[in-house]
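What follows is each chain in one-letter form.
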Amino acid sequence: MLDTTFNTSNPRGNFDFEPCFEINEVEANSGIRASFNGLLQDAPGCSTSVVNGLSQQLIHQMNSIVPNALVSFDDLNVELEDAAFPFLQPSAKQGLQQAILERGIKMSVNSAYRTIAQQLLLCRWGSGCGYPVVALPGQSNHQSGLALDVEDPDGWQPFMERHGWRRLGSFDPPHFDYVGAGTQDLRDTAMLAIQKLWNKNHPNAQIDEDGCYGSQTENALNRSPAMGFEKAPWDEKPRALKLSRPMMEGSDVKRLQESLKRAGMTVSIDWTFGPGTDKAVKEFQQKKGLKVDGIVGPKTLEKMA
Ligand SMILES: [Zn+2]
């Protein structure tokens, strides 16, 4: 028998229950993403990777509100599903890193952080896509930055448990929560992120920045562009651009590609930092006598100006 709510490490209490295994299965079988240049409310099912652009803006905005709220773990020894956003709170990442090092093999991750944009899609698509019960945006344990669904959970369990992670239970086999110290509740931050992003792009149609999920916020989310807003959070606070999983996409990547082109590199301007852009960045760095690491930080940007 299933309860409808479960206590997690979150000091504010319960998250709604979601059967992760089934959700992961649908995501995995939904095929690779196709670009969708429309509003979230019109996004076709069934892979939440269709909203990658907006999701990256939301994560970046959260990190602008709370520095290092979420950090990427795509640099660890992990294999990632297409729709998985490899983000955790820093202490949870540290525990994960130790578990992976200790076991000494690659971990297959089906799901980690899920943005409120992805969560809204899951809710709307629901059974039409074969998704079982899903929680409302903000109410899924995958919005905590402390959750992970993995392949071979039995094999990982002892290693994870030695480093602050706890298996949720047999009713949700792939799911682990980080219960170690040094974590925080990010649910308000996730709501504030969309509210701030929306207001920045709609100076004449402002919504409340209250960190709560109400109809105003849901409407705003539904009317957000799946590929992200024109005015992005990295306009004020640049992110270090590099080849990562999922691939970075957005206006900052487009500007980089234009600069590379002006500098004589061969690159297509497709807004996505893929292997071609990585190659062009490294060629540029070599040409300018910079460290050839493919990471576009302040030094590389300076040479591009
Ligand atoms: Zn899960």
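Note that the structure is a prediction, hence the values are computed from the model and not measured. (Residues numbered from 1 in each chain as written. Predicted model: local features only at pLDDT ≥ 70, side-chain atom pairs only at ≥ 80, totals over all residues. Heavy atoms only, no water.)

(A) Geometry of the confidence of the model for the protein. Averaged over all residues, the pLDDT of the protein equals 90, while 94% of them reach at least 70. Contacts of residues 1-12 to residues separated by more than four positions or lying in other chains number 30 contacts, the stretch itself having pLDDT below 50. (pLDDT = per-residue confidence, 0-100. Contact = heavy atoms within 4.5 Å.)

(B) Local environment of the domain arrangement of the protein. What the domain assignment reports for the protein is domain 1 (5-178) and domain 2 (239-304). Taken together, the contacts link 13 residues of domain 1 with 7 residues of domain 2. Each partner contributes to the roughly 820 Å² buried at the junction of domain 1 and domain 2, and carbon and sulfur atoms together form 38% of this total. Among the residues domain 1 hides against domain 2, the three largest losses belong to Q56, H60 and D74. Together they make up 54% of the total. Taken together, the links from domain 1 to domain 2 amount to 5 residue pairs in polar contact (both at pLDDT 80 or more). Counting only elements with at least two residues in the side of domain 1 that touches domain 2, the list comes to helix 2 (52-65) and strand 4 (78-80). At 4 residues, helix 2 tops the list of elements feeding residues into the side of domain 1 that touches domain 2. (Domains from an automatic or database assignment. Buried area = accessible area lost by both parts, 1.4 Å probe. Polar contact = N/O pair within 3.5 Å; in protein donor to acceptor, adjacent residues only side chain to side chain. Helix = DSSP H or I, 4+ residues; strand = E, 2+ residues; numbered from the N terminus.)

(C) Region of interest: the state of the cysteines. Under the definition given, this model contains 1 disulfide. Disulfide pairing places C46 opposite C129 at an S-S distance of 2.0 Å. Its S-S torsion of approximately -80 degrees makes the covalent link between C46 and C129 left-handed. Of this pair, C46 sits in the loop between helix 1 (20-28) and helix 2 while C129 sits in the loop between helix 4 (116-125) and strand 7 (147-150), and the two are 83 residues apart along the sequence. Residue C46 is classed as partly exposed on the basis of its relative accessible area, which comes to 22%. With relative accessibility at 17%, the residue C129 sits in the buried group. With no disulfide partner, C212 has as its closest neighbouring cysteine sulfur the one in C123, 17 Å distant. Using a relative accessible area of 44% as the deciding quantity, one classes C212 as partly exposed. (Disulfide = S-S within 2.5 Å. Buried < 20%, exposed > 50% of the residue type's maximum accessible area, 1.4 Å probe, protein only.)

(D) A look at the nonpolar core. Among the nonpolar cores identified, the biggest contains 38 residues, and L40, V51, L58 and Y113 are the most heavily contacted of them. Looking at this core, the elements with two or more residues in it are helix 1, helix 2, helix 4, helix 6 (187-201) and helix 7 (215-222). When near neighbours in sequence (up to four residues on either side) are disregarded, V51 contacts L40, A117, Q118, L121 and A226. Of all hydrophobic cores here, the second largest spans 21 residues; its members include L76, V78, M107 and W165. (Core = buried A, V, L, I, M, F, W, Y, C linked by side-chain atoms within 4.5 Å.)

(E) Structural context of the coordination of the zinc ion. The protein atoms donating to the zinc ion are C20 (SG), H142 (NE2), D149 (OD) and H175 (ND1), with metal-donor distances spanning 2.0 Å. Classification of the site at the zinc ion as tetrahedral follows from its 4 donor atoms and the range of 101 to 118 degrees in their angles at the metal. Judged by its relative accessible area of 0%, D149 is buried. Classification of H175 by relative accessible area gives buried; the value is 0%. (Donors = N, O, S within 2.8 Å, 3.2 Å for Na, K, Ca; no water. Tetrahedral: all angles 85-135°; square planar, octahedral: opposite > 155°, others 65-115°.)

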